[in-house]
Amino acid sequence: MPPIPENKVSDNQQQAVITKLYQVKMRRELMIPFSAYVMQINHRDYLYMIRLRFNQDLKVGDAIDFSVFSFCPNEIAKINGCDLGDGGSANQNDNNNGIGYLVATDPIEAQIKDIFSMKIRYSISFLPIDTWFIETTDGNLVFVKKSKVNVSLAPGDRIVYSRYTLYDEILTLKKL
């Protein structure tokens, strides 16, 4: 078993402009959702950040100064001088009373507008997992671990999926 990485922030402070921005509900160890931003910067790279300690709204066109965790190149650790921490306390926020953790949505039919991948931490102590993010033509952004997808996906494909009602992670996915 590989050693567990420390929550070290990379020394590489970067500047970028947000060119796409999504708000999603994600989770860590517990099934309790937390708010996160998923963003494209400078029309190329994708990043995500936990919003728990960041009490400002971002928008497309904002210039940001940020650094990422050294072991997770897609997760923002510091943004505009705000240290986001490791996300450990993300298990206790967001207007959730603890009911319905495992309730799945009815099947949702959609068309893929865009698809991109990032490395996402589903646990505070474990290594990031390769994850697909799927933007649908109706404006939703959902995500699924790559290991759960056994078909190739591309913009224009029609899919049917279900997800948890409290966050945007896909449980089942079928390409039509």
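Residues numbered from 1 in each chain as written. Predicted model: local features only at pLDDT ≥ 70, side-chain atom pairs only at ≥ 80, totals over all residues. Heavy atoms only, no water.

## Describing the overall build of the chain
Link 1 in the chain: Along the chain, the regular secondary structure elements total 0 helices and 11 strands.
Link 2 in the chain: The order of α-helices and β-strands along the chain, N terminus first, is β-β-β-β-β-β-β-β-β-β-β.
Link 3 in the chain: Within the chain, the proportion of its 176 residues that are buried is 46%.
Link 4 in the chain: Expressed as a percentage of contacts within the chain between residues at least 6 apart in sequence, the contacts between residues at least 24 apart total 59%.
Link 5 in the chain: Summed over all atoms, the accessible surface of the chain reaches about 9,000 Å², with 49% contributed by carbon and sulfur. (Helix = DSSP H or I, 4+ residues; strand = E, 2+ residues; numbered from the N terminus. Buried < 20%, exposed > 50% of the residue type's maximum accessible area, 1.4 Å probe, protein only. Contact = heavy atoms within 4.5 Å. Areas by Shrake-Rupley, 256 points an atom, 1.4 Å probe, with all protein chains shown as cover.)

## What to know about the nonpolar core
Link 1 in the chain: Met26, Val38, Phe116, Met118 and Phe133 are the most contacted members of the largest nonpolar core, which has 20 residues in total.
Link 2 in the chain: Looking at this core, the elements with two or more residues in it are β1 (14-26), β2 (34-41), β3 (45-50), β5 (72-79), β7 (108-120) and β9 (141-145).
Link 3 in the chain: Contacts of Met118, omitting those with residues within four sequence positions, involve Val38, Tyr46, Leu47, Tyr48, Asn74, Ile129, Asp130, Thr131 and Phe133.
Link 4 in the chain: Counting residues in hydrophobic clusters, the runner-up holds 15 residues, among them Met39, Met49, Ile76 and Ile79. (Core = buried A, V, L, I, M, F, W, Y, C linked by side-chain atoms within 4.5 Å.)

## Some remarks on the confidence of the model for the chain
Link 1 in the chain: Considering every residue of the chain, the mean pLDDT works out to 85; 81% of them sit at 70 or more.
Link 2 in the chain: Note that residues 90-100 has pLDDT below 50 and, in this model, 23 contacts with residues that lie over four places away or in other chains. (pLDDT = per-residue confidence, 0-100.)

## Side note on the pairing of strand β10 (residues 158-163)
Link 1 in the chain: Strand direction decides the pairing type here: β7 and β10, joined by 4 bridges, are antiparallel. Counterpart to Ile108 in the pairing with β10 is Tyr161.
Link 2 in the chain: Relative to strand β11 (residues 170-175), β10 is paired through 5 bridges, and the arrangement is antiparallel. Its bridge partner lying in β11, Arg163 is registered against Ile170.
Link 3 in the chain: Joining the antiparallel neighbours β10 and β11 is a turn of 6 residues. (Pairing = 2+ DSSP bridges.)

## Describing the packing of aromatic side chains
Link 1 in the chain: What the rule picks out here adds up to 7 aromatic pairs.
Link 2 in the chain: Ring geometry for Tyr122 versus Phe143: centroids 6.5 Å apart, planes at 40°, classification tilted. Linking Tyr122 in the loop between β7 and β8 (129-136) with Phe143 in strand β9, this pair joins segments that are 21 residues apart in sequence.
Link 3 in the chain: Judged by its relative accessible area of 1%, Phe143 falls in the buried class.
Link 4 in the chain: Each member of the aromatic cluster is reached from another via a ring pair, and the members are Tyr22, Tyr46, Phe116, Tyr122, Phe133 and Phe143. (Phe/Tyr/Trp six-rings, centres within 6.5 Å; stacked < 30°, edge-to-face > 60°.)

## Thoughts on the environment of Tyr167
Link 1 in the chain: Considering the arrangement of structural elements, one finds Tyr167 in the loop between β10 and β11.
Link 2 in the chain: Given the relative accessible area of 0%, Tyr167 is considered buried.
Link 3 in the chain: It is 5.9 Å that separates the C-alpha atoms of Tyr167 and Pro33, two residues lying 134 residues apart in sequence.

## Looking at the side chain of Asp168
Link 1 in the chain: Following the sequence through the fold, Asp168 ends up in the loop between β10 and β11.
Link 2 in the chain: Ignoring any residue separated from it by four or fewer positions in sequence, one finds Asp168 in contact with Val24, Lys25, Leu141, Val142, Phe143 and Arg163.

## Considerations on the pattern of salt bridges
Oppositely charged side chains can pair when the atoms bearing their charge come close.
Link 1 in the chain: All told, the structure shown has 11 salt bridges when counted by the stated rule.
Link 2 in the chain: Between Asp57 and Arg51 there is a salt bridge, with its nearest N and O atoms 2.9 Å apart. (Salt bridge = Lys/Arg side-chain N within 4 Å of Asp/Glu carboxyl O.)

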